[in-house]
Amino acid sequence: MSRIDDSRRFLPVNIAVLTVSDTRDLSDDKSGDTLVERLKSDGHSLAGRAIVRDDVRAIVDQLRVWIDDPAVDVVISTGGTGLTGRDVTPEAFESLFEKTISGFGEMFRMLSYQKIGTSALQSRATGGLAKGTYLFALPGSPSACRDGWDLILKFQLDNRHRPCNLVELMPRLQEK
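Residues numbered from 1 in each chain as written. Predicted model: local features only at pLDDT ≥ 70, side-chain atom pairs only at ≥ 80, totals over all residues. Heavy atoms only, no water.

1. Describing the overall build of the chain
Thinking step 1. A count of helical and extended segments in the chain gives five helices and six strands.
Thinking step 2. The order of helices and strands in the chain, counted from the N terminus, is β-α-β-α-β-α-β-α-β-β-α.
Thinking step 3. Computed over its C-alpha atoms, the radius of gyration of the chain comes to 15 Å, within 12% of the 16 Å expected for a compact globule of 176 residues.
Thinking step 4. Its C-alpha atoms give the chain principal-axis dimensions of about 45 × 35 × 35 Å.
Thinking step 5. When the 176 residues of the chain are sorted by exposure, 49% land in the buried category.
Thinking step 6. When contacts within the chain are restricted to residue pairs at least 6 apart in sequence, long-range pairs at least 24 apart make up 75% of them.
Thinking step 7. In the chain, 23 positive and 25 negative side-chain charges are present, and the distance between their average locations comes to 3 Å. (Helix = DSSP H or I, 4+ residues; strand = E, 2+ residues; numbered from the N terminus. Rg over C-alpha atoms; globule rule 2.2 N^0.38 Å. Buried < 20%, exposed > 50% of the residue type's maximum accessible area, 1.4 Å probe, protein only. Contact = heavy atoms within 4.5 Å. Lys, Arg positive; Asp, Glu negative; His and termini not counted. Charge placed at Lys NZ, Arg CZ, Asp CG, Glu CD.)

2. Some words on the side chain of D87
Thinking step 1. Mapped onto the elements, D87 comes out in the loop between β3 (74-78) and α3 (89-96).
Thinking step 2. Buried and without a salt bridge, D87 has R124 as its closest oppositely charged side chain, separated by 5.9 Å.
Thinking step 3. A polar atom in the side chain of D87 sits 3.2 Å from the backbone nitrogen of L83.
Thinking step 4. In contact with D87, other than residues within four places in its own chain, are G80, T81, G82 and R124. (Salt bridge = Lys/Arg side-chain N within 4 Å of Asp/Glu carboxyl O. Polar contact = N/O pair within 3.5 Å; in protein donor to acceptor, adjacent residues only side chain to side chain.)

3. Observations concerning the pairing of strand β2 (residues 45-52)
Thinking step 1. Relative to β2, strand β1 (residues 14-20) runs parallel, the two sharing seven bridges. For V20, the partnering residue across the bridge sits in β2 and is V52.
Thinking step 2. Once the chain exits β1 it traverses helix α1 (residues 30-41) before rejoining the sheet at β2, and the crossover so formed is right-handed. (Pairing = 2+ DSSP bridges. Right-handed = clockwise from strand over helix to strand, strands pointing away.)

4. A word on the packing of aromatic side chains
Aromatic ring pairs are described here by two measures, namely the spacing of the ring centres and the angle between the planes.
Thinking step 1. Here the structure, examined in full by the defined rule, presents three aromatic pairs.
Thinking step 2. Summarising the aromatic geometry, the rings of F104 and F136 are spaced 4.8 Å apart at their centres and angled 55° between planes, so their arrangement reads as tilted. Residue F104 is located in helix α4 (residues 102-116), and its partner F136 is located in strand β6 (residues 133-138); the two are separated by 32 residues in the primary sequence. Of the two residues examined, F104 and F136, each falls in the buried class.
Thinking step 3. Both rings, one in Y134 and one in F136, keep their centres 6.2 Å apart while their planes meet at 20°; by these two values the pair is stacked. You'll find Y134 and F136 in the same group, each marked buried. (Phe/Tyr/Trp six-rings, centres within 6.5 Å; stacked < 30°, edge-to-face > 60°.)

5. With respect to the environment of T100
Thinking step 1. Its place among the elements puts T100 in strand β4 (residues 99-100).
Thinking step 2. For the pair T100 and A130, spaced 30 residues apart in the sequence, the C-alpha separation amounts to 9.1 Å.
Thinking step 3. Not counting the four nearest positions on each side in its chain, T100 is found in contact with G127 and G128.

As structure tokens, this is what we get:
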């Protein structure tokens, strides 16, 4: 449900997009393209884009680069969240989480259930926080990326969303 307070000034967020795939490159990365198009059309900045293979070390290495970059506020990935042996994105992400945002995966699966029924249980979409950077992992289909952005992230990454949003927490994410 969208509750945007238009009396507030929009604050763009710097978002990096990571595609996890053994077979994609920039010429055929439809899921990554979907995320980039949506975040830009909603007024955010693309802080980086990369494609890495389905390998925990490769995923973690790229995430660490962006987590350590003060110009990156959020990382959204696509791919590698299923159940096959090569699907290791949740393991890579969760190894870096300082805090898990359990509601992200739960909400994604709830919304997916409304579209694909019980097949939604195969998604291991996850979200969390590492050194003040939000990390979200979505499944590898353009449809899943549209749903994750249009139904969840678009609103939680908009500082005008009421009653609360993830952006307004950013200045306090690393307080002790």
